[in-house]
Amino acid sequence: MDARDGGVLDGIGGTPIVRLESIVPDGAAEVWVKIEGANPTGSYKDRMAVSVLEAAVARGDASPGDTVVEYTGGSTGTSLAFVAAVLGLRFTAVFSDAFSVSKQQAMEAFGGEVLVEESHGEGITPELVGRMRERAYALAEKPGHYYADQFGSPDVIAGYAPMGEEIGTALGDGVDVFCTGVGTGGALMGTLRGLRSAGLEPQVVALEPAEAPLLSEGVSHGHAVEGVAVFPDPPFLDRGVLDGIRTIGQERAFETCRTLARTEGIFAGGSTGMNVSAAIDLAVELGAGHRVVTIACDHGLKYLGGRIYS
């Protein structure tokens, strides 16, 4: 059976969007959260992975039996390993011990090979990411290997566009602000493309950890919010679409994660805690009669081995 005709890849997308009930103060704007943990691997990266790999196979850039290569903090890698398995491809991730061990286990569960770069206890830093990148580039040069290029492929933004379209379908014309954390910028730009195709023009606010204000200050002191604050100039981000950049301390983000699970029933990772923290701040500033939308990027099960839920 074709994977896109009743197969498991059809389970990607169509995720719920819910309004927060308990943790938004009275008199604030509505806060709506797109629950991307409902995707097959528990992450919105499934959207990107299927877009990139199906396009590569359709172009003939990758064929069954070839090895897909990427450097990754794990969510992208898990999604690529999952889609690769369905499409008959192999997958090798260049990973690091700075990220959750459960993500390594997930990639391996889908048949992926995981090569680990040591962080030496310094967290997620530009230097670490640079080493991961160079190792992946070298590996991708081997015959029968294909570099997925989550940081440059035009198929990344196309993969995220349906998320914005789904938000537009669910909420109509009532979206005042869209905010989300930035890694590559692909999810922000793709979702914005989808929102615009649905006729929406919300204000757009990019988010980053206070410990790594790469967008706002160009510096990073190392941080523990996986999947964001990797580049001072994210490869997909058009700063011209932004109405603001905000920082959220990682410990506040992690506390918001725990609060979301206990009071709203939303179980998610650190980037989601950052997103929701900022969305609530924006909702308080906007006041009643407005609507803020953000993303619950992935499922909290990915983080049970780390500091958020310990």
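Residues numbered from 1 in each chain as written. Predicted model: local features only at pLDDT ≥ 70, side-chain atom pairs only at ≥ 80, totals over all residues. Heavy atoms only, no water.

Two elements in contact, helix 1 (residues 45–59) and helix 5 (residues 154–171), have axes whose closest approach is 7 Å; the angle formed by their N-to-C orientations is 135 degrees. One finds that helix 1 runs oblique with respect to helix 5. Along this stretch, helix 1 crosses helix 5, giving a crossing that reads as right-handed. Residue-level contacts link Lys45, Arg47, Met48, Ser51, Val52, Ala55 and Arg59 of helix 1 to Asp155, Val156, Ala158, Gly159, Tyr160, Pro162, Met163 and Glu166 of helix 5. By residue class, the composition of the contact of helix 1 with helix 5 is eight nonpolar, two polar and five charged. (Axes fitted to C-alpha atoms, helices over the stretch in contact; angles between N-to-C directions. Helix = DSSP H or I, 4+ residues; strand = E, 2+ residues; numbered from the N terminus. Parallel < 35°, antiparallel > 145°, perpendicular 65-115°, else oblique. Left-handed = near helix turned anticlockwise from the far one by under 90°. Contact = heavy atoms within 4.5 Å. Nonpolar A, V, L, I, M, F, W, Y, C, P; charged D, E, K, R; others polar.)

Further remarks concern the pairing of strand 2 (residues 30–35). Counting buried positions along strand 2 gives five out of six residues, so the element sits mostly inside the fold. With three bridges joining them, strand 1 (residues 17–19) and strand 2 adopt antiparallel strand pairing. Directly across from Val18, in strand 2, lies its bridge partner Val33. Judged from the six bridges that link them, strand 2 and strand 10 (residues 291–296) form a sheet pairing that is parallel. (Buried < 20%, exposed > 50% of the residue type's maximum accessible area, 1.4 Å probe, protein only. Pairing = 2+ DSSP bridges.)

With a phi angle near 55 degrees, His120 is a residue other than glycine that sits in the positive phi range. Along the chain, His120 turns up in the loop between strand 5 (113–117) and helix 4 (126–140). Judged by relative accessible area, His120 falls into the exposed class, the value being 60%. Positive phi is not limited to glycine here, since Asp149 has a value of about 60 degrees. One can find Asp149 in the loop between strand 6 (145–147) and helix 5. With a relative accessible area of 25%, Asp149 lands in the partly exposed category.

Turning next to the nonpolar core. With 68 residues, the main nonpolar core has Leu53, Tyr71, Val83, Phe91, Leu188 and Val293 as its most contacted residues. Here this core spans two domains, since at least three of its residues come from each of domain 1 (8–44 + 157–302) and domain 2 (45–147). Non-local contacts of Phe91, meaning those with residues more than four positions away in its chain, are made with Thr67, Val68, Val69, Glu70, Gly77, Leu80, Ala81, Ala84, Met107, Gly111, Gly112 and Glu113. Among the nonpolar cores identified, the runner-up in size contains 35 residues, and Val225, Ile248, Val276 and Ile308 belong to it. (Core = buried A, V, L, I, M, F, W, Y, C linked by side-chain atoms within 4.5 Å. Domains from an automatic or database assignment.)

What follows concerns the UniProt feature "domain: Tryptophan synthase beta chain-like PALP" (unreviewed entry) in the protein chain. Taken from the UniProt record, the annotation "domain: Tryptophan synthase beta chain-like PALP" (unreviewed entry) applies to residues 9–298. Secondary structure across residues 9–298 comprises 39% helix and 18% strand; the distance between its end C-alpha atoms is 17 Å. (UniProt positions renumbered as here; feature names shortened; annotations may be inferred.)

Looking now at the domain arrangement of the protein chain. Per the domain assignment, the segments of the protein chain are domain 1 (8–44 + 157–302) and domain 2 (45–147). Distance from the C-alpha centre of domain 1 to the C-alpha centre of domain 2: 24 Å. Contact with domain 1, which involves 30 residues of that partner, is made by 27 residues of domain 2. Taken over both partners, the interface formed by domain 1 and domain 2 buries close to 2100 Å², and the fraction arising from carbon and sulfur atoms is 58%. The interface formed by domain 1 and domain 2 includes three salt bridges. Here Glu36 makes a salt bridge to Arg47, at a shortest N to O gap of 2.7 Å. Between the two partners, domain 1 and domain 2, sit 14 residue pairs in polar contact (both at pLDDT 80 or more). Ranked by the residues each element gives to the side of domain 1 that touches domain 2, the list is headed by helix 5, at six residues. In terms of residue class, the side of domain 1 that touches domain 2 is built from 13 nonpolar, 11 polar and six charged. (Buried area = accessible area lost by both parts, 1.4 Å probe. Salt bridge = Lys/Arg side-chain N within 4 Å of Asp/Glu carboxyl O. Polar contact = N/O pair within 3.5 Å; in protein donor to acceptor, adjacent residues only side chain to side chain.)

Turning to the pattern of salt bridges, a few remarks are in order. Taken as a whole, this structure holds 18 salt bridges when the rule is applied. Across the salt bridge formed by Arg19 and Glu30, the nearest N and O atoms sit 3.6 Å from each other. Of this pair, Arg19 sits in strand 1 while Glu30 sits in strand 2, and the two are 11 residues apart along the sequence. Assessed through its relative accessible area of 40%, Arg19 is described here as partly exposed. Sharing partners across several salt bridges, the network here consists of Lys34, Glu36, Arg47 and Glu166.

To continue, consider helix 3 (residues 101–109). Count 3.6 residues to each turn of an α-helix, and residues three or four apart come out pointing the same way. Buried residues of helix 3: Ser102, Lys103, Gln104 and Met107, and no others. Close packing links the buried residues of helix 3 with helix 2 (75–87), strand 4 (90–96) and strand 5.

Overall, mixed pairing links the six strands, which are arranged 1-2-10-7-8-9 in an open sheet. The sheet terminates laterally at strand 1 and strand 9 (244–248), the two strands that pair on one side only. The mean angle between the axes of side-by-side strands here comes to 25 degrees, regardless of whether they run parallel or antiparallel. When strand 8 (residues 203–209) meets strand 9, the two strands line up parallel, connected through five bridges. From the neighbouring strand, Pro209 faces strand 9, where its bridge partner is Ile248. Against the sheet, helix 8 (residues 270–286) makes contact with strand 2, strand 7 (177–181), strand 8, strand 9 and strand 10, and its axis sits at roughly 175 degrees relative to strand 10, the strand it touches most.

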